[in-house]
Amino acid sequence: MRRLRVLIVDDSVVMRRMISDMVQSDPALEVAGIAHHGYIALAKVAQVSPDIITLDLDMPEMDGLETLSRLRAEYPDLPVLIVSALTERGTQLTLDALAMGASDYVTKPSSVLPNPASVAEVREELLGKIKSLGAAHLSRSSGRSRRETSASDENTHSRVEIVVIGVSTGGPNALMQLLPAIPADFPVPLVVVQHMPPLFTRFLAERLEKVCSLAVKEASHGDKLEPGTIWIAPGDYHLEMERPDHQVIVRLNQGPLENSCRPAVDPTFRSAVECFGSRVLGVVMTGMGHDGLQGARCIYDGGGQILAQDEKSSVVWGMPRFVVEEGLVDEVLPLERLAAGIRQRVAAGRPVFGESRAEAKT
């Protein structure tokens, strides 16, 4: 199999060298070209035919957002991985870029002279995402894609008392399409675990709040889960829940990383089953890795239901693929049909939110 070709776009000599060295250190990758601003990047795409682009956002001549806009117009399917600073401005620009069609992002080391551990962490994340996005692009280009599956009749009328969603790479755009399609009278809470660091999750919740009929909130420790709100797990915290009486309470913790993530999908899925038994609807969406697999198995074993996003509409079909291949999924749907699938399953069971855990298992 040929190596994935990477075009590196960054105005910083230090960052260009750092990213180039990281790419060249992996035998599955090669540097196709280097550009220090957008005009050069656009010219080089035609010259070097990259499989993926890493793109800085804060550049002279032509900044990253304008470069991305032109790339999407000319090369709509070419993966673009944003490499940005973990600052308030950098976070906002990155979310803008994701909304414009960037595939994913990696945050730069936090200082001009980063420590070796920080560089190693960035290297692992950067190379993993380059290879995952590049492989997904080549798979789509070759025409290989799994079809969606229809719902089985077994669980379509099971009562649903909570919807828990796990998502990673490609998630912000997918959530921007999915969640506004959930109506204001949706009768159960929705909890979303999106793999993102602190600050990103707060800004994501604020952006979703502007386009959703339901309230959207970055979850806080001790929040009461109630209908009418979408809860986003905060960066660097696992979101779990417990039912001390007739209320369901959010419990945040900074326990060990699971699947190299915090927040991770698995602990949220597991705790949903502990609180709601068979009345959990889990949704596994676009993302790399296998976070959500063990949690989905808990939902399945507990008698709950699971939907998965299909390969064609996923930026990376990693997380959904694992649960599909394990036979844990009730239905595989394209992104544009996921909201309808969720609404149908919730409406079918005429949910009564707030019953005791014992009642929920009956």
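The structure displayed is predicted, hence computed values, not measured ones.

Some details on the confidence of the model for the protein
Of all residues in the protein, 90% have pLDDT values of 70 or greater, and the mean over the chain is 90. Across residues 355-362, confidence stays below pLDDT 50; counting only partners more than four residues off in sequence or on other chains, it has 16 contacts.

So, the sheet that holds strand 1 (residues 4-9)
As summarised here, the arrangement of the five strands in space is 2-1-3-4-5, forming an open sheet in which the pairing is parallel. The sheet is open, and its two edges are formed by strand 2 (29-35) and strand 5 (104-107), each paired on a single side. Taken over all neighbouring pairs, the strand axes of this sheet differ in orientation by 25° on average, direction set aside. In terms of strand pairing, strand 4 (residues 80-84) meets strand 5 through four bridges, oriented parallel. Each bridged residue has a counterpart across the sheet, and for Ile82 the counterpart in strand 5 is Tyr105.

Here we look at the pattern of salt bridges
Inspection of the entire model under this criterion finds 22 salt bridges. The partner of Arg279 in a salt bridge is Glu161, with the nearest N and O atoms 3.8 Å apart. Of this pair, Arg279 sits in the loop between helix 8 (265-276) and strand 12 (280-284) while Glu161 sits in the loop between helix 5 (116-141) and strand 6 (162-167); the two residues are 118 residues apart in sequence, bridging distant segments of the chain. Pair check on accessibility: Arg279 and Glu161 agree, each one buried. A salt bridge links Glu326 to Arg297; the nearest nitrogen and oxygen atoms lie 2.8 Å apart. Separated by 29 residues along the polypeptide, Glu326 in the loop between helix 10 (319-325) and strand 14 (331-333) and Arg297 in helix 9 (residues 293-301) bring together distant segments of the chain.

Describing the sheet that holds strand 7 (residues 190-194)
One open sheet holds the seven strands; their spatial order is 8-9-7-6-12-13-14, and the pairing between them is parallel. Edge positions in the sheet fall to strand 8 (215-218) and strand 14, since each of these pairs with one other strand and no more. Averaged over all pairs of adjacent strands, the angle between strand axes in this sheet comes to 20°, irrespective of strand direction. Note that strand 6 and strand 7 share five bridges and pair parallel.

Conventions adopted
Along every chain, residues carry numbers that run from 1 in the direction the sequence is written. Local features in a predicted model are, by the rule used here, given only for residues with pLDDT of at least 70; side-chain atom pairs are given and counted only at 80 or more, and totals for whole chains, interfaces and linings are based on all residues. Hydrogens and waters are ignored; side-chain quantities use all the structure's heavy atoms. Per residue, pLDDT captures the predictor's confidence, and it can take any value from 0 to 100. Any two residues having at least one pair of non-hydrogen atoms within 4.5 Å are treated as being in contact. At least two bridges found by DSSP between two strands are what make those strands a pair. Think of it this way: any DSSP run of H or I at least four residues long counts as a helix, any run of E at least two long counts as a strand, and we number them from the N terminus. Note on geometry: axes are lines fitted to C-alpha atoms, helical ones only across the stretch in contact, with angles between N-to-C directions running from 0 to 180 degrees. By definition, a salt bridge exists where a carboxyl oxygen of Asp or Glu is found within 4 Å of a side-chain nitrogen of Lys or Arg. Type-normalised accessible area, obtained with a 1.4 Å probe on protein chains alone, sets the label of each residue: buried when under 20%, exposed when over 50%, and partly exposed for intermediate values.

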